Amino acid sequence: KKALDLLLRHGQKSTGSLRGHEPTIRYLQHLGPKRLELIFEYSKWILRAKPEDGLRIFTDDIPEVESLPRDKVLAHLETVAKSLVIQYLEHIIVYCEDTNPVFHNRLITLYREKIESLLLEHSEDATESSEADHTPAGSEPGELGRYRQRLLTFLDQSQHYQAAKLIVHFPIGKLFEERALLLGRMNRHEQALAIYTHVLKDTKQAEEYCRKNYNRTSEHSKDVYLCLLRMYLQPPQASSLGVSSDTIPQPNVTAALEVLMEHYEHIDTAKALELLPAGIPIIEIHQFLCQVLSKQTVRRRNQQMLKSLLLSELLEVQQQRIAVQSHHSVITQETSCGVCKKRINQSAFARYPDGTVEHYYCYQKKNPSS
């Protein structure tokens, strides 16, 4: 503490070898977690005077720095230098690969708060722009675009945040792209796809969402393309999407048919036909049906070939079994062990391919690894 008091006094002078904040930073970085309170106490003046340099006390690649308890460091920064919290969380998550959900949740929350603050500043421009002029998230000018892009990337790539806890802070009616990613992480695919198809009106993004989330072995994600088809053919009410009641979502049969044509392999045919309007002309789904029938024909042919191959393999194995079982050994009162030369009698024995027999005990003793 005396050393830190000395560094503090000299650090505020304009001359001398200990002037400035760098000597204090270097000293604090090597104190370690046992002197955490001292680190917090004497980092305050640096964090307030030189925030970026002060952050290095908790982020530099030094063993003592890396061993500091991150939850307590985060609480300290929240109190003393809140503007540095995002940088600190990005550091421990990206560079230190910390998987603690608390940190991931907190970073998402801070991104959202920053974005909402920036949106408030741009409220006049947002009021003048119409829904049809919707700017894709992350492409807005300035800080707003940069922070939204960082949030979208993090929501897409991180596997450690808790979407169910965060979704309540992303209410219906704003931050649509971010909300869609959270809904997707919760396997609420229809709600996510409703945003892409009827709010953002972005068919490419909707199909990309399906591509990322489709998993034929998962009960939650095997019908994600069918969900997209349902959103085009049976759109939800405007109130559930958070858009103006004047904007009534309309069915998009053309887009639905394109999904059928391009992704028929990932769609349950029977369920898809049930969704299609009763009055749709056969000519409109002719290509889809031909593709499905062709796929079924190929699948059936492959299954028949596989069945034949498996049957052939079964017959070969049975022949090998019969050949092996045809070999036998006759043990008489005169049959002796090839190792100890004693009679086999009724003891367990091992037989070699040339017909030689040994007591099983002798065999194990000679071959301990067997």
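Source: prediction; values computed, not measured.

Novice: I'd love a proper account of a nonpolar patch on the surface, names of residues and values included.
Specialist: Together, L311, L314 and L315 give the surface a local cluster of nonpolar side chains, amounting to about 280 Å² of exposed area. As for its placement among the helices and strands, L311 is situated in helix α18 (residues 282–325).

Novice: Could you give me a rundown of the nonpolar core, with the residues and numbers involved?
Specialist: Ranked by internal contacts, the top residues of the largest apolar core, which has 86 residues, are F58 and L193. The biggest single contributor to this core is helix α15 (residues 224–233), with nine residues. Contact partners of F58, with chain neighbours within four places excluded, come to I39, F40, S43, L47, V65, L68, V73, H76, L77 and Y88.

Novice: I'd love a proper account of the pattern of salt bridges, names of residues and values included.
Specialist: With the rule as written, the count across this model stands at 16 salt bridges. Across the pair R56 and D53 runs a salt bridge whose closest N-O atoms are separated by 3.8 Å. Residue E190 is joined to R230 by a salt bridge in which the shortest nitrogen-to-oxygen separation is 2.5 Å. Linking E190 in helix α13 (residues 189–199) with R230 in helix α15, this pair joins segments that are 40 residues apart in sequence. The class of R230 is partly exposed, set by a relative accessible area of 22%.

Novice: Would you mind going over the side chain of T59 in detail, with residue names and values included?
Specialist: Mapping T59 onto the fold places it in the loop between α4 (51–55) and α5 (63–66). Judged by its relative accessible area of 15%, T59 is buried. A distance of 3.1 Å separates the side chain of T59 from the backbone oxygen of L55, its partner in a polar contact. Not counting chain neighbours up to four residues away, the residues in contact with T59 comprise V65, Y88 and H91.

Conventions we followed
- Residues numbered from 1 in each chain as written.
- Predicted model: local features only at pLDDT ≥ 70, side-chain atom pairs only at ≥ 80, totals over all residues.
- Heavy atoms only, no water.
- Patch = residues over 30% accessible without salt bridge, like charges linked within 9 Å, V, L, I, M, F, W, Y side chains within 5 Å.
- Areas by Shrake-Rupley, 256 points an atom, 1.4 Å probe, with all protein chains shown as cover.
- Salt bridge = Lys/Arg side-chain N within 4 Å of Asp/Glu carboxyl O.
- Helix = DSSP H or I, 4+ residues; strand = E, 2+ residues; numbered from the N terminus.
- Core = buried A, V, L, I, M, F, W, Y, C linked by side-chain atoms within 4.5 Å.
- Buried < 20%, exposed > 50% of the residue type's maximum accessible area, 1.4 Å probe, protein only.
- Contact = heavy atoms within 4.5 Å.
- Polar contact = N/O pair within 3.5 Å; in protein donor to acceptor, adjacent residues only side chain to side chain.

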